[in-house]
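# A structural walkthrough
Spelled out from the first residue to the last, the chains are:
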Amino acid sequence: MISTGINALDEMLGGGIPGGDKVLYSMEPGVNGQFFMISTLSAALKKGLTCLVILPNTTVDAFRHDAISMHVDKKTLCSDKLVLIDVIDRERIQKGASSKEAKARDWKARTQKICRDRRIDVIFVYFDLLYEEFGLETALCILESARENRRTTLILEHLNLEGEPLVDRFIREHAFDLVLTIRASSHPLPPFSYFTLLHTSWAPIPVRSIPFSVQEGRVIPYIPKIVVIGPEKSGKSTFISHTSVTGHPPAIAGDPDDKTAPGSMDFGRLRWKDFDITLYGIPGQTEFDPHILPTLRHAMGVVIVIDANNPGVLPRANYLAGLVAKQRIPFVIAANTKRRQHVMTEKEIRSALALPREIPLYFISATEIEDVHRVLESLVDYITRISS
Ligand SMILES: Nc1nc2c(ncn2[C@@H]2O[C@H](COP(=O)(O)OP(=O)(O)O)[C@@H](O)[C@H]2O)c(=O)[nH]1
Ligand SMILES: [Mg+2]
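What you see is a predicted model; the values in this text were computed from it and never measured. (Residues numbered from 1 in each chain as written. Chains lettered and ligands numbered in written order. Predicted model: local features only at pLDDT ≥ 70, side-chain atom pairs only at ≥ 80, totals over all residues.)

### Points about the overall build of the chain
Along its length, the chain carries 13 helices and 14 strands. The principal-axis extent of the C-alpha atoms belonging to the chain is close to 85 × 40 × 35 Å. For the chain, the proportion of its 388 residues judged to be buried stands at 37%. Sequence separation of at least 24 residues holds for 68% of the intrachain contacts in the chain that already meet a minimum separation of 6. (Helix = DSSP H or I, 4+ residues; strand = E, 2+ residues; numbered from the N terminus. Buried ≥ 20, exposed ≤ 12 C-beta atoms within 10 Å, placed from the backbone. Contact = placed C-beta atoms within 7 Å.)

If you want it as structure tokens, here you go:
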């Protein structure tokens, strides 16, 4: 497995990119997507893999300079396992060969020789110029011929000016194993970038889209807003205050000593598996009901917390679940058992809330970080699966 250099993405891929695969990082114009390729390169070099980087449009120095500005450390870039073909090599090929066919042959011969002599594990290609010059068939044929016994992994980055049909050709005509598109959206405002895991050949991984930001050269997927709601005293404030392990305490609104002060909004932030997640808790009292819809705006997911020992709250929980479902926001149910016992069964709760089978329901204790994380994991999984 080759790490993408982005934990959350590796996790979604089931560990990373299987060796020998063909990968496309496809960027839409205007999006800041170069970090995907550079993080994967940096991770591969750190793992001790021998990498060939083909950059026909820039010099080695300019590339190093750019990579350093993207927080790749100098030592990694000076590794003797890094081999580069740059614009100077390209110019030599241009001068030395008269026809397009001769140029393609020269490209093939050079890459093949390097791959054989240096036993290259991964080829990274900035693909645009090759595509422009030779077209998809020939450009990919040049790269394919360098992959000895198909054991060499091939990773391409391109700027897609042609939209989905081009990406489709990589998948259908050229059997790419992993295609990740990197796009930007201005809806809802403010604009954000997101990546979509569009295609994986080795496992039935669902298509999913995730917003990301770049912090100090690292791609950080984020879930900008998860809302926690539920009847009074169900454990919402307790849930939010237990999202984070010691050392990364969430910010809690209200009195810091009384984390369960009723009647105040809760706020929590956590970094979990490389995801940045922000949680907003709405108090359960009915006087807060007018705030529910405005708080749900732009929420990517909702956790409905109910007290698993108090059947009296079911009508209220049912009302809240109905509100959320009507907004078509993915939600999960956390039935808080507090002391690990519950008088209501899953069946009873499901039937009282008219929950379809695909809505996850977990019995939890809101004071157990593992339980809280299990709920968030399931919600993140659910959100990223259906948002594409
Ligand atoms: N022992 C235990 N107490 C809990 C648990 N969850 C909530 N509580 C308690 O139940 C009460 C209500 O919880 P709170 O988080 O304030 O509920 P909220 O009104 O939904 O925000 C508080 O006294 C909590 O300390 C739990 O998992 N274990
Ligand atoms: Mg509360």
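### A few points about unusual backbone geometry
We note that H71 has phi near 70°; this positive angle belongs to a residue other than glycine. Residue R328 is not a glycine yet carries a positive backbone phi of 60°. Its place among the elements puts R328 in the loop between α11 (314–326) and β13 (331–336).

### A few points about the domain arrangement of the chain
Domains assigned within the chain are domain 1 (7–216) and domain 2 (223–386). Centre-to-centre separation of domain 1 and domain 2, based on C-alpha positions: 40 Å. (Domains from an automatic or database assignment.)

### A word on the environment of G48
Positionally, G48 belongs in the loop between α2 (34–46) and β2 (51–54). For G48, a count of 9 C-beta atoms within 10 Å gives the class exposed. The sequence separation of G48 and R172 amounts to 124 residues, and the corresponding C-alpha distance is 32 Å.

### Re the pairing of β13
The buried count for β13 comes to six of six residues, which makes it a mostly enclosed element. Of the two faces of β13, the one lined by F331, I333 and A335 and the one lined by V332, A334 and N336 are each fully buried. As paired elements, strand β12 (residues 301–307) and β13 share six bridges and run parallel to each other. Within β13, the residue paired with V302 across the bridge is F331. Traced from β13 through helix α12 (residues 346–352) to strand β14 (residues 361–364), the parallel crossover comes out right-handed. (Pairing = 2+ DSSP bridges. Right-handed = clockwise from strand over helix to strand, strands pointing away.)

### Focus: the nonpolar core
Residues I123, I226, V303 and I304 are the most contacted members of the largest nonpolar core, which totals 101 residues. Lining this core are residues from two domains, each supplying at least three of them: domain 1 (7–216) and domain 2 (223–386). In contact with V303, not counting residues within four places along its chain, are I226, V228, F331, V332, A334, V375 and L379. (Core = buried A, V, L, I, M, F, W, Y, C linked by C-beta atoms within 7 Å.)

### Concerning the packing of helix α5 (residues 87–96) against helix α6 (residues 100–118)
Put simply, α5 and α6 touch, their axes get as near as 9 Å, and they point 140° apart. Overall, the two elements α5 and α6 adopt an arrangement that is oblique. Considering only the axes of α5 and α6, their crossing is right-handed. From α5, D89, I93, Q94 and G96 reach across to α6, where they touch K103, D106, W107 and R110. Of the residues in the contact of α5 with α6, the class split is two nonpolar, two polar and four charged. (Axes fitted to C-alpha atoms, helices over the stretch in contact; angles between N-to-C directions. Parallel < 35°, antiparallel > 145°, perpendicular 65-115°, else oblique. Left-handed = near helix turned anticlockwise from the far one by under 90°. Nonpolar A, V, L, I, M, F, W, Y, C, P; charged D, E, K, R; others polar.)

### What about helix α7 (residues 128–146)?
For α7, spanning 19 residues, the distance from its first C-alpha to its last is only 18 Å, which falls clearly below the expected 27 Å at 1.5 Å a residue. Helix geometry: α7 is bent most strongly at G135, by close to 115°. When α7 is considered as a whole, its buried residues turn out to be L130, A139, L140, I142, L143 and A146. In this structure, the buried side of α7 is in contact with α6, β4 (122–126) and β5 (153–159). (Expected span 1.5 Å × (residues − 1). Bend = angle between axes of the 7 residues up to and from the residue.)

### So, the confidence of the model for the chain
Across the chain, the average pLDDT comes to 89, with 92% of residues at 70 or higher. Overall, residues 246–258 carries pLDDT values under 50, and its contacts beyond four positions in sequence, including any with other chains, amount to 23 contacts. (pLDDT = per-residue confidence, 0-100.)

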